[in-house]
Amino acid sequence: MASPEPRNDETDASRRTIFLVFGIVSAILIAGLLYWMTRPSTSVGDAPQRLEGALRPGSPEFEQYKSKIVLDKPEATEATRPIGDIVMTLSTTVRNFTGRTISGLEIYAAVVDSQGKPVKERTLVAVPSRRTGQSELDPNRTLEVPVMLEGMSKEDDRANIVMDVAAIKFR
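It should be emphasised that the depicted structure is a prediction, and the values quoted were computed from it without experimental measurement. (Residues numbered from 1 in each chain as written. Predicted model: local features only at pLDDT ≥ 70, side-chain atom pairs only at ≥ 80, totals over all residues. Heavy atoms only, no water.)

Student: What is the right way to look at unusual backbone geometry in this model?
Tutor: A negative phi angle characterises most non-glycine residues, just as the trans form characterises most peptide bonds. Cis geometry is found at the peptide bond from Val127 to Pro128, where omega equals -5°. Turning to its location among the elements, Pro128 is positioned in the loop between strand 5 (118–127) and strand 6 (142–152). The residue Asn140 is not glycine, and still its phi comes out positive at about 60°. One can find Asn140 in the loop between strand 5 and strand 6. (Helix = DSSP H or I, 4+ residues; strand = E, 2+ residues; numbered from the N terminus.)

Spelled out as structure tokens, the structure:
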């Protein structure tokens, strides 16, 4: 009868070392992936956008047409990300009663505190939109406009939300 082979302590120690190294590397990779997925985006699409040649506040034409571009009362949803910050998505429906086709529309969105000062704000070009592919807003038509605001904390005084027309450009 053959006796069982003696255990080789060197083989066991090297296996433990391999498993330990593999576990540590895996944990670091998973932590890095989670960090990358939950950090605020800094893509080119988030860079401030401006419409060239658009009507802006202060011009008489802007005030005349702004009153004919109606924004529904904005609504907001919020979510807490795993890293602890808050992301809010503000949305409204834009209605074009100007009688002209809008080829460019900037929308200002903000979360404001109790004193009316912005906690987070963003201006984006809603028309033309790369996201939806909509290049114009015809007369008597509507457009849903969502705006995502990132990086707020639970301690921020988020008393109200504001969305408004920032610039208009016609075809």
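Student: Just checking my understanding: could you explain the sheet that holds strand 4 (residues 102–112) for this structure?
Tutor: As summarised here, the arrangement of the three strands in space is 5-4-7, forming an open sheet in which the pairing is antiparallel. Two strands lie at the open edges of the sheet, namely strand 5 and strand 7 (160–170), each paired on one side alone. Taking the axes of each pair of neighbouring strands and ignoring which way they run, one obtains an average angle of 15° across the sheet. (Pairing = 2+ DSSP bridges. Axes fitted to C-alpha atoms, helices over the stretch in contact; angles between N-to-C directions.)

Student: In this structure, what is going on with the environment of Ser135? I would like to understand it.
Tutor: Checked against the element boundaries, Ser135 lands in the loop between strand 5 and strand 6. You can call Ser135 partly exposed: its relative accessible area is 48%. Sequence separation between Ser135 and Gly104 is 31 residues, and the spatial gap between their C-alpha atoms is 8.0 Å. Excluding its chain neighbours within four sequence positions, the residues that come into contact with Ser135 are Ser103, Val127 and Pro128. (Buried < 20%, exposed > 50% of the residue type's maximum accessible area, 1.4 Å probe, protein only. Contact = heavy atoms within 4.5 Å.)

Student: In this structure, what is going on with the pattern of salt bridges? I would like to understand it.
Tutor: Tallied over the full model, the rule gives seven salt bridges. Residue Asp164 is joined to Lys66 by a salt bridge in which the shortest nitrogen-to-oxygen separation is 3.1 Å. Within this pair, whereas Asp164 is found in strand 7, its partner Lys66 is found in helix 2 (residues 60–66), the two being separated by 98 residues in sequence. In this structure Asp164 comes out as partly exposed when scored by relative accessible area, which is 30%. Note that Glu150 is salt-bridged to Arg81, the shortest N-O span being 3.1 Å. Of this pair, Glu150 sits in strand 6 while Arg81 sits in the loop between strand 2 (75–80) and strand 3 (86–96), and the two are 69 residues apart along the sequence. Using a relative accessible area of 18% as the deciding quantity, one classes Glu150 as buried. On the accessibility criterion, Arg81 (17% relative accessible area) is buried. (Salt bridge = Lys/Arg side-chain N within 4 Å of Asp/Glu carboxyl O.)

Student: Would you mind showing me how to read the packing of aromatic side chains here?
Tutor: For any pair of aromatic rings, geometry is given as the distance between the ring centres together with the angle between the planes. Summed over the entire model, instances satisfying the criterion amount to one aromatic pair. When the ring centre of Phe170 is taken as origin, the NZ or CZ atom of Arg100, which lies over that ring, is 4.3 Å away. (Phe/Tyr/Trp six-rings, centres within 6.5 Å; stacked < 30°, edge-to-face > 60°. Lys NZ or Arg CZ within 6 Å of the ring centre and 35° of its normal.)

Student: Would you explain the side chain of Arg56 in this entry?
Tutor: One can find Arg56 in the loop between helix 1 (9–38) and helix 2. With a relative accessible area of 18%, Arg56 lands in the buried category. From its side chain, Arg56 meets the backbone oxygen of Leu51 in a polar contact 3.0 Å long. Polar side-chain contacts of Arg56 include one of 2.8 Å to the side chain of Glu106. Ignoring sequence-local partners within four residues, the contact set of Arg56 consists of Arg50, Leu51, Phe62, Glu106, Ala166 and Ala167. (Polar contact = N/O pair within 3.5 Å; in protein donor to acceptor, adjacent residues only side chain to side chain.)

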